[in-house]
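Listed below are the residues making up each chain.
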Amino acid sequence: MQTTTPSYVDYQHIAPEHAAIHERLQNWRRWVSGKGASWTAHPMWRHLKEKEERERGTITLAVDAIDGHLMEKAVYALPERHRFAIRWWYVYSGNPAKAARQAAVSKARLAELVKEGRAMLCNRLRVVDGREDFR
């Protein structure tokens, strides 16, 4: 019996039960990359925008630094492959084929690692935060 793997993997699909953790991981991504953080520039130049930004008007989302730090600790505690998959999806967001090669998994398995990583984070953070909105 021959098993076939799907030729297309939808990496952008977020399961409804992972919507809340996805929002927190988006905040974590902004926190890790430094985007939206006010400490990335000297106070004198903090609010200076380039001419192109002023003309088109940019919207930046606020970063919850405390939650970003909590998420960093939770992501760091994940098993290695799940940690790599979550960091790839949210922070690096490069080519999935290259990321799958680096993790030594198939592209379909990489998508499963991201989903499993989100589920692990839901379970771990529910215990830490005492929240019930992750399930």
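Since we're looking at a predicted model, the values are computed, not measured.

Caption draft 1: Representation of the nonpolar core. Ranked by size, the top nonpolar core spans 25 residues in total, and within it L25, I86, L110 and L121 carry the most contacts. For this core, the elements supplying multiple residues, two or more each, are helix 1 (19-33), helix 3 (65-76), helix 4 (80-92), helix 5 (96-103) and helix 6 (107-129). When residues in this core are grouped by element, the largest group, seven residues, is from helix 6. Setting aside anything within four residues of it in sequence, one finds L121 in contact with I21, L25, M71, A74, V75 and L78.

Caption draft 2: Representation of unusual backbone geometry. Although it is not a glycine, S93 adopts a positive phi angle of roughly 40 degrees. Although it is not a glycine, A104 sits at a positive phi angle of roughly 60 degrees. Looking at the secondary structure, you find A104 in the loop between helix 5 and helix 6.

Caption draft 3: Geometry of helix 4. Within the span of helix 4, buried status applies to H82, A85, I86, R87, W88, W89 and Y90. Positive backbone phi, approximately 40 degrees, marks S93, located one or two places after helix 4.

Caption draft 4: Representation of the packing of aromatic side chains within the structure. The full count for this structure, using the stated rule, is one aromatic pair. Ring geometry for W89 against Y90: centres 4.5 Å apart, planes inclined by 55 degrees, an arrangement best described as tilted. Judged by relative accessible area, W89 falls into the buried class, the value being 13%. For Y90, a relative accessible area of 1% gives the class buried. One cation-aromatic arrangement involves R83 over Y76; the distance from NZ or CZ to the ring centre is 5.6 Å. Over the ring of W89 we find R118; its NZ or CZ atom is 5.0 Å from the centre of that ring.

Caption draft 5: Representation of the pattern of salt bridges within the structure. One pass over the full model with this rule turns up four salt bridges. The salt bridge partner of E112 is R109, with a shortest N-O separation of 3.3 Å. One end of the pair, E112, and the other, R109, are both in helix 6, three residues apart, so they sit about a helical turn from each other. The class of E112 is partly exposed, set by a relative accessible area of 40%. Across the pair E116 and R109 runs a salt bridge, and its minimum N-O distance is 3.0 Å. We classify E116 as partly exposed; its relative accessible area is 31%. Given a relative accessible area of 28%, R109 falls into the partly exposed group. One salt-bridge network, held together by shared partners, links R109, E112 and E116.

Caption draft 6: Structural detail: the side chain of R118. Structurally, R118 is set in helix 6. With no salt bridge to any partner, buried R118 finds its closest opposite charge in E17, at an N-O distance of 8.9 Å. Excluding anything up to four places from it in sequence, R118 contacts H13, I14, H18, I21, L25, I86, W89 and Y90.

Reading the values: the criteria
- Residues numbered from 1 in each chain as written.
- Predicted model: local features only at pLDDT ≥ 70, side-chain atom pairs only at ≥ 80, totals over all residues.
- Heavy atoms only, no water.
- Core = buried A, V, L, I, M, F, W, Y, C linked by side-chain atoms within 4.5 Å.
- Buried < 20%, exposed > 50% of the residue type's maximum accessible area, 1.4 Å probe, protein only.
- Helix = DSSP H or I, 4+ residues; strand = E, 2+ residues; numbered from the N terminus.
- Contact = heavy atoms within 4.5 Å.
- Phe/Tyr/Trp six-rings, centres within 6.5 Å; stacked < 30°, edge-to-face > 60°.
- Lys NZ or Arg CZ within 6 Å of the ring centre and 35° of its normal.
- Salt bridge = Lys/Arg side-chain N within 4 Å of Asp/Glu carboxyl O.
- Lys, Arg positive; Asp, Glu negative; His and termini not counted.

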